[in-house]
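If you want the building blocks of each chain, they are given just below.
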Protein chains: 2
Amino acid sequence: LTERQLLMIPGPTPVPPSVLLSGARPMVNHRGPEMAKLMADCTAGLKRVFQTQHDAFILTCSGTGGLEAAVVNTLSPGEKALSVSIGVFGDRLATIAKTYGAEVESLSYPYGAAADPKQIQERLAADTGKEIKAVLITQNETSTGVCNDLATIGPMVREHGARLIVDGISSLLAMDSQMDNWGMDVVVAGSQKAFMIPPGLCFVAVNDRAKEAMERCTTPRFYLDLRKAKQYLEQGQTPWTPAVPLIWQLGDALKLIEAEGLQNSFARHARLAAMTRAGAKALGLTLFAADESRASNAVTSIRRPEGIATADLRKLMRDKYAVVISGGQGKIKDDIFRIGHLGFVGEKEILAALGCLGLALKEMGQAVDPAAGVAAAMAVVGG
Amino acid sequence: LTERQLLMIPGPTPVPPSVLLSGARPMVNHRGPEMAKLMADCTAGLKRVFQTQHDAFILTCSGTGGLEAAVVNTLSPGEKALSVSIGVFGDRLATIAKTYGAEVESLSYPYGAAADPKQIQERLAADTGKEIKAVLITQNETSTGVCNDLATIGPMVREHGARLIVDGISSLLAMDSQMDNWGMDVVVAGSQKAFMIPPGLCFVAVNDRAKEAMERCTTPRFYLDLRKAKQYLEQGQTPWTPAVPLIWQLGDALKLIEAEGLQNSFARHARLAAMTRAGAKALGLTLFAADESRASNAVTSIRRPEGIATADLRKLMRDKYAVVISGGQGKIKDDIFRIGHLGFVGEKEILAALGCLGLALKEMGQAVDPAAGVAAAMAVVGG
């Protein structure tokens, strides 16, 4: 029964029932007074989440549309960008930049590793001619479950002077992300992650450096033109008809988010991730993150045990236990499985997922104490 | 009270309560089996609505994103396009084509008029070198309430050989639109119009001629790349995380649409439009459409009466009677008001809107029998 499923994938994530229902209101005029008030409230709330004093825009598109908006508004054909990639989504951002004519230099790391800030600093220091105009990086690489240290990398890029374009699609709210303090110029986030609302919106925050680049940028753009978004937001509108129900849902989700508080949200995600990692290890599994200190607080990637196909494990978990987890993506598609723990999720869901994972592994012939995962996770939180 | 509003604008349109609630289901994996079944069902339903045997894709974006998809996938920089525009949305399609480097020749008509098929035929006949690669046209021009005769224009363009790219955003289901029979190569529709679902999705149908152009097209594109949409649809997926609740809503709305039947839907919209026009005229108002036989079945544009500001009329209708109507757009913003009558709407809503319009006009000092509009509309349907 689909409705009984426990959705433990790194997005879309479960939506709180009250937020689900807030999308079911009667339709309104998207250029009327109700929307103007809602847009103003949502924008103010988003700025607090992005930890920025600058601008935040709501776009009707998937996260990938937001990445495209970041590129086509601030990077001109022929400009050089340094892509720092640690997985599928870092690669995607680089591909988008190449598609629109940027000259992209790649600094890529093996899947499972985080970017080395020292190497980034060395590369930027060597760029004495300031040819690198932008650095492209993912804060939380959803495909591998590894995150980059933007508190360290951000200031390095700012010192060099390049613009820092950050894919924060799955990181915002699941981990600290201080746009202004850390020197990020463009940050993209997605609705269907820790914001606890359905997919269909993305949020793009830009500071004054990025806005200055927007004005100069020669890349053609129309639907995703942030200059138009800025102009219409001043009247509490979007340039094109937005996904109205999702904006209602954003408004209500932001109230839940503010009630919890950013620091509590980061701490909760850290706690749930620690529980998941401890549980996986206690079940004899190996984490995919090369360095556990850089393992994601939004999603945990786990190597499939020898003799078990990822697809079979996922199918058993789904069909027998109604727990939905993800496989890998890209070249590691079949090598790992992933447990998402971001957004509307707490200790009980982690325990449920680890318990069913233990049962499934035993059923698939692994020599494992199926309760060991749950017990280890409980120990993390004082059990 | 916003919830009591009667929304009579040309989109977003009211959503049936059962469809509203079908978006409030618990979230699912967008790459799981539930979505694959739903995507297949929705795609089949959309093809029936587009009256095409070819491909239809669901994109997560506003209608303008769909227009951009039509352009960037089939029109290459430097290719010549003939823009036939009768209003704001025709102009927008031309602007998008210019933005992405097409050489656009404009055949523009005064706002309120429809395009003259004979002039289009003459222009195409003069293009003996077949330099015109595409014709861009709006079926229903939402900004003026006038529609173009695509049953006549379509075959003319096909005979010339140019591709016909049609903005059908507000026309599909509100009027006949035979993609295959009339020779349309790309047709774009929006969710928030006669499909009766919220904004956030658009639908783009392409035939083999358009697909061949897609393969050759050199315009850079990523988020809106229909080649990727096609590739993923074969697995029942979208390339990027879609607005899942809107696709559930589409699935349920398509059931309502199929239960009514296309011909009944066209007839209902024609009937409601005739009621609205008759009612407006009986209230002493002047239709904006230069030729009533080309007035839209989706939205009726009415000149503001002398001495009344459009904004004041709209405000009184909204604040006192909870009836929401639209003003004009672009250069005729303050000259007209518009009553939308597409999607989830019937005779009773037309009568209610015309009755409140009569009351408002009288209150604003017009010498008018306030009940005359309702009576005239009733006479249209045998009252």
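Residues numbered from 1 in each chain as written. Chains lettered and ligands numbered in written order. Predicted model: local features only at pLDDT ≥ 70, side-chain atom pairs only at ≥ 80, totals over all residues. Heavy atoms only, no water.

Draft legend 1. Structural detail: the interface of chain A and chain B. Contacts between chain A and chain B engage 51 residues on the former and 51 residues on the latter. In this assembly, chain A packs against chain B so that about 4,000 Å² is buried in total across both faces, 67% of it on carbon and sulfur atoms. In this structure, the connection of chain A to chain B is made through two salt bridges. Between Glu-34 of chain A and Arg-318 of chain B there is a salt bridge; the shortest N-O distance is 2.8 Å. Linking chain A with chain B are twelve residue pairs in polar contact (both at pLDDT 80 or more), by the criterion used here. Elements supplying a minimum of two residues to the side of chain A that touches chain B: α1 (17–22), α2 (33–50), α3 (63–74), α4 (88–99), α10 (244–260) and α12 (310–321) of chain A. When the residues that make up the side of chain A that touches chain B are grouped by side-chain class, the tally is 26 nonpolar, 17 polar and eight charged. (Contact = heavy atoms within 4.5 Å. Buried area = accessible area lost by both parts, 1.4 Å probe. Salt bridge = Lys/Arg side-chain N within 4 Å of Asp/Glu carboxyl O. Polar contact = N/O pair within 3.5 Å; in protein donor to acceptor, adjacent residues only side chain to side chain. Helix = DSSP H or I, 4+ residues; strand = E, 2+ residues; numbered from the N terminus. Nonpolar A, V, L, I, M, F, W, Y, C, P; charged D, E, K, R; others polar.)

Draft legend 2. Molecular detail of the relation of the copies chain A and chain B. The two copies are related by a screw operation: chain A maps onto chain B through 180° of rotation and 0.0 Å of translation along the axis, at an RMSD of 0.0 Å. These values place the two chain copies in the arrangement generated by a two-fold rotation axis. In terms of C-alpha distance to the rotation axis, chain A has Cys-61 of chain A as its closest residue, with the C-alpha 2.5 Å off the axis. Both copies contact each other with a shared surface, as 100% of the interface residues of chain A are interface residues in chain B too. (Least-squares fit on C-alpha atoms with pLDDT ≥ 70 in both.)

Draft legend 3. Spatial organisation of helix α6 (residues 150–160) of chain A. All names here are of chain A. Turning to α6, its buried residues are Leu-150, Ile-153, Gly-154, Met-156, Val-157 and His-160. Buried residues of α6, seen end-on, are gathered within an arc of 165° and therefore sit on one face of the element. Buried residues along α6 sit in contact with α5 (117–126), β5 (132–138), β8 (163–167) and α7 (179–182). Directly beyond the C-terminal end of α6, a positive phi value near 110° is found at Gly-161. (Buried < 20%, exposed > 50% of the residue type's maximum accessible area, 1.4 Å probe, protein only. Arc of directions from axis to C-beta.)

Draft legend 4. Region of interest: unusual backbone geometry. The step from Gly-11 of chain A to Pro-12 of chain A runs through a cis peptide bond, and the omega angle for that step is 0°. Position of Pro-12 of chain A relative to the elements: it lies in the loop between β1 (6–7) and α1. Even without being a glycine, Leu-173 of chain A presents a positive backbone phi close to 80°. Despite not being glycine, Lys-130 of chain B has its phi angle at roughly 50°, a positive value. Under the relative-accessibility criterion, Lys-130 of chain B is labelled partly exposed at 38%.

Draft legend 5. Representation of the packing of aromatic side chains within the structure. Residue and element names in this part refer to chain A. Using the criterion set out here, one finds four aromatic pairs over all chains in the structure. For the ring pair Phe-195 and Phe-203, a centre distance of 4.9 Å and an interplane angle of 65° mean the geometry is edge-to-face. Judged by relative accessible area, which is 1%, Phe-195 ranks as buried. On the accessibility criterion, Phe-203 (0% relative accessible area) is buried. Over the ring of Phe-222 we find Lys-228, and its NZ or CZ is 4.1 Å from the ring centre. (Phe/Tyr/Trp six-rings, centres within 6.5 Å; stacked < 30°, edge-to-face > 60°. Lys NZ or Arg CZ within 6 Å of the ring centre and 35° of its normal.)

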